[in-house]
Amino acid sequence: RSKTQPAHAPHAFAATDEREARNRIRLASELQTAVANQELLFHYQPQVDLSTGDLVGAEALLRWNHGAFGLQPPNRFIGIAEETGALLEIGAWGLRTLAAYAARVNRKRRSPVRFSLNVSVMEFMQRDMAAFAHRVLDETGCRPEWLTLELTENLMIPEPQNIRRAFEDLRRLGIGISIDDFGTGYSNLRYLESFPLNEIKVDRSFVHDVAHSVAKRVIVESVVKLGAALDIRVVAEGIETEAERAIMRALGCSVGQGYLFGAPLDELHFGKLLDEGLVLREAWDARRLLTM
Ligand code: C2E
Ligand code: MG
Ligand code: MG
Ligand code: MG
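These numbers were taken from a predicted model, which means no experiment stands behind them.

Calculation criteria
- Residues numbered from 1 in each chain as written.
- Chains lettered and ligands numbered in written order.
- Predicted model: local features only at pLDDT ≥ 70, side-chain atom pairs only at ≥ 80, totals over all residues.
- Heavy atoms only, no water.
- Helix = DSSP H or I, 4+ residues; strand = E, 2+ residues; numbered from the N terminus.
- Rg over C-alpha atoms; globule rule 2.2 N^0.38 Å.
- Areas by Shrake-Rupley, 256 points an atom, 1.4 Å probe, with all protein chains shown as cover.
- Donors = N, O, S within 2.8 Å, 3.2 Å for Na, K, Ca; no water.
- Buried < 20%, exposed > 50% of the residue type's maximum accessible area, 1.4 Å probe, protein only.
- Axes fitted to C-alpha atoms, helices over the stretch in contact; angles between N-to-C directions.
- Parallel < 35°, antiparallel > 145°, perpendicular 65-115°, else oblique.
- Contact = heavy atoms within 4.5 Å.
- Core = buried A, V, L, I, M, F, W, Y, C linked by side-chain atoms within 4.5 Å.
- Near = heavy atom within 4 Å.
- Polar contact = N/O pair within 3.5 Å; in protein donor to acceptor, adjacent residues only side chain to side chain.
- 1 Å grid on protein atoms, 1.4 Å probe; cavity = no way out; pocket = protein on both sides within 12 Å on 5 of 7 lines; lining within 4 Å.
- Sits in = over half its atoms within 2 Å of the grid points.
- Phe/Tyr/Trp six-rings, centres within 6.5 Å; stacked < 30°, edge-to-face > 60°.
- Lys NZ or Arg CZ within 6 Å of the ring centre and 35° of its normal.
- Salt bridge = Lys/Arg side-chain N within 4 Å of Asp/Glu carboxyl O.

Draft legend 1. Geometry of the overall build of the protein. Along the backbone of the protein there are twelve helices and nine strands. The C-alpha radius of gyration of the protein comes to 21 Å, within 12% of the 19 Å expected for a compact globule of 292 residues. Taken over the C-alpha atoms alone, the protein extends approximately 65 × 50 × 40 Å along its principal axes. Only carbon and sulfur atoms are counted for the fraction: they give 53% of the accessible area of the protein, which is about 15,200 Å².

Draft legend 2. Up close: the coordination of the magnesium ion (ligand 3). Distances from the magnesium ion (ligand 3) to its protein donors, Asp180 (OD), Asp181 (OD) and Glu237 (OE), fall at 2.0 to 2.4 Å. Here the donor residues for the magnesium ion (ligand 3) map to a single chain with the spacing D-D-x55-E. Between the magnesium ion (ligand 3) and the magnesium ion (ligand 2), both coordinated by aspartate 180, there is a metal-metal distance of 3.7 Å. Here glutamate 237 lies in the loop between strand S8 (233-236) and helix H10 (242-250) and aspartate 180 lies in strand S6 (residues 176-182), a separation of 57 residues in the sequence. Taking the relative accessible area as the measure of exposure, aspartate 180 reaches 7% and is therefore buried. Glutamate 237 sits in the buried class, given a relative accessible area of 10%.

Draft legend 3. Geometry of the packing of helix H5 (residues 129-140) against helix H6 (residues 160-173). The N-to-C vectors of H5 and H6 enclose an angle of 25 degrees; their axes lie 8 Å apart at closest approach. In terms of their interaxial angle, H5 and H6 are classed as roughly parallel. Residues Met129, Ala130, Ala133, His134 and Leu137 of H5 pack against Ala166, Asp169, Leu170 and Leu173 of H6.

Draft legend 4. Representation of the coordination of the magnesium ion (ligand 4). Summarising the metal site, the magnesium ion (ligand 4) is bound by the protein donors Asp181 (OD) and Glu237 (OE), whose distances to it range over 2.2 to 2.5 Å. In this structure, the magnesium ion (ligand 4) is positioned 3.1 Å from the magnesium ion (ligand 3), and both are ligated by aspartate 181. Of the two residues, aspartate 181 is situated in strand S6 and glutamate 237 in the loop between S8 and H10; the sequence distance between them amounts to 56 residues.

Draft legend 5. Spotlight on the nonpolar core. Phe115 and Phe124 are the most contacted members of the largest nonpolar core, which has 82 residues in total. If you tally residues by element for this core, the top one is helix H3 (residues 86-107), at twelve residues. Setting aside anything within four residues of it in sequence, one finds phenylalanine 124 in contact with Val119, Met129, Leu149, Leu151, Ile163, Ala166, Phe167 and Leu170.

Draft legend 6. Spatial organisation of H10. When we look at burial in H10, the residues that qualify are Glu242, Glu244, Arg245, Ile247 and Met248. Positive phi shows up at glycine 252, right after H10, with a value of about 105 degrees.

Draft legend 7. Structural context of the site of ligand 1. Glu59, Arg63, Asp180, Glu240 and Tyr259 are the nearest of the 23 residues found near ligand 1. Between a nitrogen atom of ligand 1 and a side-chain N or O atom of glutamine 45, the distance comes to 2.9 Å. Between ligand 1 and glutamate 59 there is a distance of 2.9 Å, counted from an oxygen atom to a side-chain nitrogen or oxygen. The cavity where ligand 1 resides is the largest pocket. Those elements that place two or more of their residues in the shell around ligand 1 are strand S1 (40-49), strand S2 (55-66), strand S4 (114-120), strand S5 (147-152) and S6.

Draft legend 8. Broad picture of the environment of asparagine 162. Structurally, asparagine 162 can be placed in helix H6. For asparagine 162 and phenylalanine 124, which are 38 residues apart along the polypeptide, the C-alpha to C-alpha distance reads 8.3 Å.

Draft legend 9. Up close: the packing of aromatic side chains. Scanning the entire structure with this criterion turns up eleven aromatic pairs. Ring centres of tryptophan 64 and phenylalanine 77 lie 5.5 Å apart, and the angle between their planes is 75 degrees; on these two criteria the pair is classed as edge-to-face. On the criterion of sequence distance, the pair formed by tryptophan 64 in strand S2 and phenylalanine 77 in the loop between strand S3 (70-72) and helix H2 (78-84) is long-range, its members being 13 residues apart. Note on accessibility: tryptophan 64 and phenylalanine 77 belong to one class, buried. Geometrically, the ring pair formed by tyrosine 191 and phenylalanine 195 is tilted, given 5.2 Å between the ring centres and 55 degrees between the ring planes. Taken individually, tyrosine 191 and phenylalanine 195 each receive the classification buried, so the pair is uniform in this respect. Grouped by ring-pair contacts, the aromatic residues Phe42, Tyr44, Trp93, Tyr101, Phe115 and Phe270 constitute a single cluster. We note arginine 127 situated over the ring of phenylalanine 132; from NZ or CZ to the ring centre the distance is 5.0 Å.

Draft legend 10. Here's a closer look at the pattern of salt bridges. In this structure the tally under the stated criterion is 14 salt bridges. A salt bridge links lysine 201 to glutamate 59; the shortest N-O distance between them is 2.9 Å. Of this pair, lysine 201 sits in strand S7 (residues 199-202) while glutamate 59 sits in strand S2, placing them 142 residues apart in sequence. The same class applies to lysine 201 and to glutamate 59, which are both buried. In this structure, the salt-bridge partner of arginine 190 is glutamate 193, at a minimum N-O distance of 3.7 Å. On the criterion of helical spacing, the pair formed by arginine 190 and glutamate 193 is a turn pair, its members being three residues apart in helix H7 (residues 190-194). A relative accessible area of 56% places arginine 190 in the exposed class. Relative accessible area serves as the criterion here: at 59%, glutamate 193 is assigned to the exposed category. Salt bridges sharing partners connect three or more residues here, namely Glu59, Glu150 and Lys201.

In structure tokens, the structure reads:
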């Protein structure tokens, strides 16, 4: 054993690993009942038209209100839910909940808000999404054009032709299809060729600091060009500063999402934002004046 290595270090490490493993097992088992116990909820993050500042949509982002650990972000439990299969029930709950919410919100609005749901590759592989979505639309009175499904993937798509068929069925239904975190991981150009898409979400890493990177600007510009040629809406995610908004807009992104416009909000606060759309508008106009 080296002198610089404290004698207890390996032991402490093992203890942390063990605690971590125990936590995962605990979360995995508690996830099985999270839906039934009504511990899951969505936060909603606004999406705005980058030319007008109008609220045009919102992304539903999953949260787990865990009895002992408090509100948990998805990266704490989605992976576990995927491994145990609990994500199938969670995903079904999610689509039902979001469709019901979209119907409730849009029934009383003049210009409807489009709601996006994150759906993992595993769900597309294991469920007939179009048949299920059809049923959910019937049950809730949600219109298909109010919903967009974002393919969020952390794994390579094992059978692209199955996903493609699901996408085609969903498009025929009128539900939007989006590719999340475009340009990272497995989410690549091939998708534009293989899948019928309505939307691409340019990953946050291309938006962050775009003012100081020629390469990022050129990449975003090319994605926008591809989108325009293929009739695919391009959404910029993770816009945090006015400079990022201005550049993404100048590069041709039509819609943006990020802390600049609003963090993910609980239903109460998102409801207020919907009712007082003015709040967003005023902030927007103030920003416009500043940059003129
Ligand atoms: P995502 O779909 O790419 O969602 C965007 C994430 O970036 C969200 O984190 C959001 O809070 C965060 N974000 C938004 N604006 C900004 C910004 O301006 N700056 C920065 N730094 N971050 C921003 P969140 O809510 O923790 O979600 C993480 C991921 O979890 C999502 O990434 C998505 O892949 C997954 N996820 C969320 N909800 C669901 C769900 O219902 N089902 C599935 N399968 N996955 C979900
Ligand atoms: Mg997403
Ligand atoms: Mg994303
Ligand atoms: Mg992302």
